[in-house]
Amino acid sequence: MTAWLMISALAVTTALIKAFGPVLVGGRELPPTAVKVIALLPPVLLAALVVTSTLSEGQRLQVDASAAGVAVAAVMIWRRLPLLVVVLTAVAVTATLRALT
Amino acid sequence: MSESFRRGLRAGVPFSFVGFLLAMSFGVLAVQAGFSAVQAIVMSAVVHAGSAQFAATAILGAGGGVVPSVLAGSLMNARFLAMGIAVAPSLGGGPGRRALQGQTVVDPSWALANNGDGSFDRHLMMGATVPQYVGWVSGTVAGAFLGDVAGDPGRFGLDVVFPVFFLALLAAELRDPRSRGVALAGALIALALVPFTPPGVPVLAAGTAALVGLAR
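Because the structure is predicted, anything quoted here is derived from the model rather than measured.

Another aspect to go through is the overall build of chain B. On a plain count of helices and strands, chain B comes out with 11 helices and 0 strands. Ordered by position from N to C terminus, the α and β elements of chain B give α-α-α-α-α-α-α-α-α-α-α. Against the globule reference of 17 Å for 216 residues, chain B gives a C-alpha radius of gyration of 18 Å, in line with a compact fold. Looking at the 216 residues of chain B, the share that counts as buried comes to 57%. Across chain B, contacts joining residues at least 24 apart in sequence account for 70% of those joining residues at least 6 apart. Working note: accessible area of chain B is about 8,400 Å², and carbon and sulfur atoms make up 71% of it.

So, on to the domain arrangement of chain B. The parts lose accessible area when they come together, and the size of an interface is often stated as this lost area. All names here are of chain B. The domains assigned to chain B are domain 1 (3-160) and domain 2 (176-216). Summarising the inter-unit geometry, the C-alpha centres of domain 1 and domain 2 are found 22 Å apart. Here domain 1 packs against domain 2, burying approximately 420 Å² in sum over the two surfaces, 81% of which is carbon and sulfur. Counting the contacts that link domain 1 with domain 2 gives 0 salt bridges. There are 0 residue pairs in polar contact (both at pLDDT 80 or more) connecting domain 1 and domain 2.

Moving on, we come to the confidence of the model for chain A. Taken residue by residue, chain A gives an average pLDDT of 91. The fraction at 70 or more is 100%. Confidence scores differ between elements of chain A, with strand β1 (residues 56-57) of chain A showing the lowest mean pLDDT of 86 and helix α3 (residues 65-78) of chain A the highest of 96.

With that settled, the discussion passes to the packing of aromatic side chains. Here the distance between the centres and the angle between the planes together describe a pair of aromatic rings. Residue and element names in this part refer to chain B. Summed over all chains, the structure comprises 5 aromatic pairs over all chains. Measuring from ring centre to ring centre gives 5.6 Å for tryptophan 110 and phenylalanine 120, while their planes differ by 25°; the resulting arrangement is stacked. Here tryptophan 110, found in helix α7 (residues 107-113), pairs with phenylalanine 120, found in the loop between α7 and α8 (122-146); they are 10 residues apart in sequence, far enough to count as distant. Accessibility expressed as a relative area gives 0% for tryptophan 110, which makes it buried. Aromatic side chains phenylalanine 162 and phenylalanine 166 sit 4.7 Å apart centroid to centroid with 75° between the ring planes, which places their arrangement in the edge-to-face category. Of this pair, phenylalanine 162 and phenylalanine 166 both sit in helix α9 (residues 161-174), separated by 4 residues, roughly a single helical turn. Given a relative accessible area of 14%, phenylalanine 162 falls into the buried group. Residue phenylalanine 166 is classed as buried on the basis of its relative accessible area of 2%.

Residues and elements named next belong to chain B. One can describe the packing of helix α3 (residues 50-61) onto helix α4 (residues 66-76) by two numbers: an axis separation of 8 Å at closest approach and a directional angle of 160°. Here α4 runs roughly antiparallel to α3, going by the angle between their axes. Considering the relative orientation of α3 and α4, their crossing is right-handed. Every residue of α4 that contacts α3 at Ser51, Ala52, Ala55, Ala56, Ile59 and Leu60 is listed here: Val66, Pro68, Ser69, Ala72, Gly73 and Met76. The residue inventory of the contact of α3 with α4, partitioned by class, reads 9 nonpolar, 3 polar and no charged.

A word on the interface of chain A and chain B. Across the boundary between the two partners, chain A contributes 68 residues, which contact 93 residues of chain B. For the pair chain A and chain B, the number of links is 1 salt bridge. Put simply, aspartate 159 of chain B and arginine 98 of chain A hold a salt bridge, and the shortest N to O gap is 2.9 Å. Our enumeration of links across chain A and chain B arrives at 7 residue pairs in polar contact (both at pLDDT 80 or more).

Below, the discussion takes up a nonpolar patch on the surface. Taken together, the side chains of Leu84 and Leu88 of chain A together with Val13 and Phe17 of chain B define a hydrophobic patch exposed on the protein surface, amounting to about 330 Å² of accessible area. Note that leucine 84 of chain A resides in helix α4 (residues 83-100).

Let us now look at the nonpolar core. The biggest cluster of nonpolar side chains holds 86 residues, and the ones touching the most others in it are Met6 and Val87 of chain A together with Met43, Trp110, Val161, Val164 and Phe166 of chain B. At 12 residues, the largest contribution of residues to this core is made by helix α2 (residues 32-55) of chain A. Among the domains, domain 1 (3-160) and domain 2 (176-216) of chain B are the pair contributing at least three residues each to this core.

Bringing the pattern of salt bridges into the picture now. This structure, assessed with the given rule, holds 6 salt bridges over all chains. The partner of arginine 6 of chain B in a salt bridge is glutamate 3 of chain B, and the shortest N-O contact between them spans 3.7 Å. Taken together, the residues span about one helical turn, with arginine 6 of chain B and glutamate 3 of chain B both in helix α1 (residues 3-32) at a distance of 3 residues. Connected via shared salt-bridge partners are Asp64 and Arg98 of chain A together with Asp159 of chain B.

Let's shift gears to the packing of α9 of chain B against helix α10 (residues 178-193) of chain B. All names here are of chain B. Between α9 and α10, the shortest axis-to-axis distance is 8 Å and the interhelical angle comes to 140°. Here α10 runs oblique to α9, going by the angle between their axes. Contacts between α9 and α10 involve Leu170, Glu173 and Leu174 from the first element and Ser179, Arg180 and Ala183 from the second. Grouping the amino acids of the contact of α9 with α10 by side-chain chemistry returns 3 nonpolar, 1 polar and 2 charged.

What counts and how
Residues numbered from 1 in each chain as written. Chains lettered and ligands numbered in written order. Predicted model: local features only at pLDDT ≥ 70, side-chain atom pairs only at ≥ 80, totals over all residues. Heavy atoms only, no water. Helix = DSSP H or I, 4+ residues; strand = E, 2+ residues; numbered from the N terminus. Rg over C-alpha atoms; globule rule 2.2 N^0.38 Å. Buried < 20%, exposed > 50% of the residue type's maximum accessible area, 1.4 Å probe, protein only. Contact = heavy atoms within 4.5 Å. Areas by Shrake-Rupley, 256 points an atom, 1.4 Å probe, with all protein chains shown as cover. Domains from an automatic or database assignment. Buried area = accessible area lost by both parts, 1.4 Å probe. Salt bridge = Lys/Arg side-chain N within 4 Å of Asp/Glu carboxyl O. Polar contact = N/O pair within 3.5 Å; in protein donor to acceptor, adjacent residues only side chain to side chain. pLDDT = per-residue confidence, 0-100. Phe/Tyr/Trp six-rings, centres within 6.5 Å; stacked < 30°, edge-to-face > 60°. Axes fitted to C-alpha atoms, helices over the stretch in contact; angles between N-to-C directions. Parallel < 35°, antiparallel > 145°, perpendicular 65-115°, else oblique. Left-handed = near helix turned anticlockwise from the far one by under 90°. Nonpolar A, V, L, I, M, F, W, Y, C, P; charged D, E, K, R; others polar. Patch = residues over 30% accessible without salt bridge, like charges linked within 9 Å, V, L, I, M, F, W, Y side chains within 5 Å. Core = buried A, V, L, I, M, F, W, Y, C linked by side-chain atoms within 4.5 Å.

Right, here's the structure in full:
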């Protein structure tokens, strides 16, 4: 029961969060300075997601096997290898390191 | 079907395979945390937000209660506030239509649809979300039924899928040299906040690094 309550509540908050900007800002042209800030949001938010999902566990910072997997992936992405190959290699590197340690 | 919607469908396919793997590890973890397979699958179908689902199920599974669990999940989703505001001027129609189009904002689609000048291709964004939604839900089905036999998905290195997924999107952004400094600043802000704030807040707060755009 509590699981269903959580699932419905999270579905609702997610939908509201996603609707907030589109409804509130609507089709208005934003001022040019705001557009400059928005253009920088993708690299900033993505970089923050990469480092937090690699180097943190809850509120703890940590470097473990997944950091090595991500480092290998970074080199492969830089060499422009296909995404699925990159992901599977990173998974294999991480799993191997965990099996060895 | 518009040309950019079709381009979006194609662009979304590689991410849907990666999303499948990610959703599979979600399905396994959710079942191990005490959720039924049906609950895990329905959650993926109605929430469709990876980091929020991982955070919320982990907290509820650990006995953390509904409110903290929903709050943590919503905080993980807080970045969609910034993303939603960013795409808003590029959407079309009345408030209802816009709200619906806003639901197709998921990280890869949003990043793929970014034209780099502050505007977004909404058809491409919506197209890219379609295969990813299919991959996300079907991956959860696979993981939820593997469930208890699978063991710890971390043992198989599946937790690395999430950061690599975002790294691939980030790499495309960093081809523009003007993005590099702010990306680094965002990463540093996020890391600095990890020990002091609940998960989700560091990523949202990192968004403030984009304010250097005011000075450009």
